[in-house]
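Residue-level structural notes
If you want the building blocks of each chain, they are given just below.
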Amino acid sequence: MAVRQRTSLVRLGTLLVAALLCVGLLSGWAAAQSTLERVKQTGVLRVGLEGTYPPFNFVDENNRMAGFDVDISNEIARRLGVRAEFVGTLWASLISGLQTDKFDVIIAQMTITEERKQSVDFTNPYVITGAVLVSRANDNRFSKLEDIAGHRVGVGIGTTFEEVARSVPGADVRTYDSFQEYAQELLTGRLDVIINDQLSVAYAIKEQGLPLKITSDIVNEDVIGIAVKKGNEDFVELLNQILADMIADGTYREIFQKWFDAEPALR
Amino acid sequence: MSEPVVQVTNLRKRFGPHEVLRGINLRVAQGEVVVIMGPSGSGKSTLLRCMTFLEVPDEGTICIDGRTVTAGPLTKERMAKVREIRRHTGFVFQSFNLFPHMTALENVMEGPVTVLRVPKPEARRRAEELLGKVGLTEHMHKHPSRLSGGQQQRVAIARALAMSPSVILFDEPTSALDPELVGEVLQVMRALAREGMTMVVVTHEMGFAREVADRVIMMDAGAIVEEGPAADIFTNPKEERTRRFLSRMGRHGLP
Amino acid sequence: MELALQSLPALLQASLVTVGLAAASMAAGLVIGLLSALIRIARIPVLSHLMRAYVSIIRGTPLLVQIYLVYYGPPQFGWHLEPVPSAIVALSLNVGAYLSESFRGAIESVSKGQMEAAYTLGMTYWTAMRRIIVPQSLRTALPTVGNTYIGLLKDTSLVSVITVTELLRQSNVIIARTWKPLTIYMTAAVLYWFMSTMFSFVQERVERRVSRHV
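The structure reproduced in this document is the subject of the present report. Note that the structure is a prediction, hence the values are computed from the model and not measured. Sequence order as written defines residue numbering, which begins from 1 separately in each chain. As a convention, the first chain written is A and the first ligand written is 1, with the rest following in written order. Where totals are concerned, whole chains, interfaces and linings use all residues; where local detail is concerned, this predicted model gives features only for residues with pLDDT of at least 70, and gives and counts side-chain atom pairs only at 80 or more. Side-chain figures throughout are based on the complete set of non-hydrogen atoms in the structure, without hydrogens or water.

So, the pairing of strand 3 (residues 33-37) of chain B
Residue and element names in this part refer to chain B. Burial classification: accessible surface area is computed with a 1.4 Å probe over protein chains only, and a residue below 20% of its type maximum counts as buried, one above 50% as exposed, and the rest as partly exposed. The helix count covers DSSP runs of H or I at least four residues long, the strand count covers runs of E at least two residues long, and both are numbered beginning at the N terminus. Burial analysis of strand 3 places five of its five residues in the buried class, which makes it a mostly covered element. With burial as the criterion, each face of strand 3 is covered, one bearing Val33, Val35 and Met37 and the other bearing Val34 and Ile36. Where strand 3 lies against strand 8 (residues 199-202), four bridges are found, and the strand directions are parallel. Bridge pairing in strand 8 places Ile36 opposite Val202. Strands qualify as paired when DSSP identifies two bridges or more between them.

Below you can see the structure in the form of structure tokens.
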């Protein structure tokens, strides 16, 4: 009996190894059609974003995708001579979605980082903004990044905010899928402080009348670009050209000021 | 002598080390009623089941109504022959085995419609007629769960008859019935015998055997020990084993 | 309350997606489950081993992982599937494996005498399965199948992760705008409860009708 069990265990082990080998081989495979070709051929620019990150991208009362990113996307699509289509995806799944061609670009407040550049290519920045600390309105403990040490800090999973928070030794970093979730946790007292984009926080506090406040200067500058699947230099170049044109002819400023009471950093 | 309807030659079957049938030879003539008796474990049920390949025999030949199958592994060709034999052989089980999701009428129609491809209206007319014959006209639209054991067994007999079989094999048809329901089933079987149906019946009903059987076969330990007319076997058994069996039957009534 | 009412049209619409996903996946899952159960019971060479592996893999891995694999896997080979079809594929494969087990159990629970009775009428194995065994086992399996459907109805919420705007995803989207998780999730919960209960009600009636004779 013991021998029998051992042989069947060995067999199971062999199966496991075989299965893992298959997985390894299969994931090496790749399909090839350039993003630009596909966009032109289908007449659709598919944009990956969260859809839960106002005012950048969210679903409005009429059940339509809206926000700064959406306006930027529509303008880019217009200039490409195609129509923009939006795919709402969890933040953590955006890059894998781009790599598996679920959409053509990510226009979702994705900061350009060295790590992400390993997986995707970025255009020139289309927003420059910064992360700030946010606490409950009556809490004055947090004025600089080091203050979060020893406190419960909420950030979005896989965001640059998470990186910033983790750079502080002793910070109790907790991750969430969407901004609302950790903002909500801050309001209910399960978090002490959160880190998020200044523009988004200012908008949320104003629109929702949240009893929260921005308590620090910019703790980390976020230079945000459009992400494109690797190996599409022609498309990146074209997008860069379009962005430059939008900034030059004032369209970009117009869109920016529709959503934010400020001068855009990109001029 | 005319060609027998059933001819079993040297049939052998083992379950593991246990030899259940030790070379059975059996001939049943057209219109003959053969009753097989014997203590439990003597192999009588296995004999019937081997004849339709519900159990696969190890050795021997089965010939029913001119169709012959030899024992051996169930290849495609052999299975086709087996099905051919089954189509012409009725089988009545101890536990009825009616199809519970069908009414009595549908049970009787099932074989002709599904296997023989008889058009439905025709199969229905015939099924109604057969159910009338077994006295169940007013119950034909009921499901088996709403029928008594005796009624279910009569439906099962009608189901076997619907295939117009050359022979019907009865495997202890009344053993699962309450005593008061045995009579109605035996009565149907008597009527069938009178009409000249060829029947092989495994049963402990001595009264039935005495009255209806043309021949009684005594089996013990996988072999036929004695056979002959019911009167001879019951009143004047030659074999010791037959005597022992009969005296046990006498002491306990029906086992 | 006002917010719940305001968001109701959008949530109801998403509920239709949820019901549709569940119904489509269930339909496909029933076919997959029955076929794989039959293949396993008939011990068809090679295929039955494949089916055993399929059932084992599905039952041994989380549905969420299966959903991700179906959504992100095939594009690696250049095969693109939209989110909704991906969701239906993942859900039906999942539910099919569980139904396969239910059907196998139900088929095996049909008494041996039924197969023998069918054989003595001259039926082939597959005819007997189709006419006698499967119809009876479907009736036996009905309660399990119903419960599986209710489970599936709730499991559809997991496909929100692959951008399918069903009830849960729609709720999250509304919460992102309104900042009222309690109200919206409560409304969603009520809708899930309502759908499950409606189905249970139908299931009970069907069961009573169908299983009278088994």
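Overview of the side chain of A:Thr215
Residues and elements named next belong to chain A. Structurally, Thr215 is set in the loop between strand 11 (212-214) and strand 12 (220-229). Look at Thr215 and you get buried, because its relative accessible area is 15%. In terms of polar contacts, Thr215 uses its side chain to reach the backbone carbonyl oxygen of Phe142, at 2.6 Å. By the convention used here, residues are in contact when the closest approach between their heavy atoms is within 4.5 Å. For Thr215, the contacting residues outside a window of four places in its chain are Leu133, Val134, Ser135, Asp139, Phe142 and Ser143. Side-chain atoms alone can form a polar contact between residues adjacent in sequence; in general such a contact is a pair of N or O atoms within 3.5 Å, and within protein one must be able to donate a hydrogen while the other accepts it.

Regarding the sheet that holds strand 4 (residues 65-66) of chain A
Residues and elements named next belong to chain A. Read across the sheet, three strands follow the order 2-3-4 without closing on themselves; strand pairing throughout is antiparallel. At either margin of the open sheet sits one strand with a lone partner, and together these are strand 2 (52-53) and strand 4. Pairing of strand 2 with strand 3 (residues 57-59), which is carried by two bridges, proceeds in the antiparallel orientation. Within strand 3, the residue paired with Thr52 across the bridge is Phe58.

Details of the sheet that holds strand 1 (residues 6-15) of chain B
Residue and element names in this part refer to chain B. In space, the four strands of this open sheet follow the order 2-1-4-5, with antiparallel pairing throughout. Sheet topology places strand 2 (18-28) and strand 5 (67-70) at the edges, where each strand pairs with a single neighbour. Taken over all neighbouring pairs, the strand axes of this sheet differ in orientation by 20 degrees on average, direction set aside. Only the stretch in contact is used when a helix axis is fitted, and all axes are lines through C-alpha atoms; the angle between N-to-C directions ranges over 0 to 180 degrees. The strands touched by helix 2 (residues 76-87) within the sheet are strand 4 (59-64) and strand 5, with strand 5 carrying the most contacts at an inclination of about 135 degrees.

Some details on the interface of chain B and chain C
Taken together, the contact pairs 22 residues of chain B with 20 residues of chain C. Taken together, the two surfaces of chain B and chain C that pack against each other cover about 1900 Å², and 62% of this comes from carbon and sulfur. Think of a salt bridge as a Lys or Arg side-chain nitrogen and an Asp or Glu carboxyl oxygen that are within 4 Å of each other. Where chain B packs against chain C, one counts two salt bridges. Its salt-bridge partner being C:Arg131, residue B:Glu110 comes within 2.7 Å of it at the nearest N-O pair. At the junction of chain B and chain C, the tally comes to five residue pairs in polar contact (both at pLDDT 80 or more). Taken together, the elements giving at least two residues each to the side of chain B that touches chain C come down to helix 2, strand 6 (89-92) and helix 3 (104-115) of chain B. Two parts placed together each lose some accessible area under a 1.4 Å probe, and the buried area is that loss summed for both.

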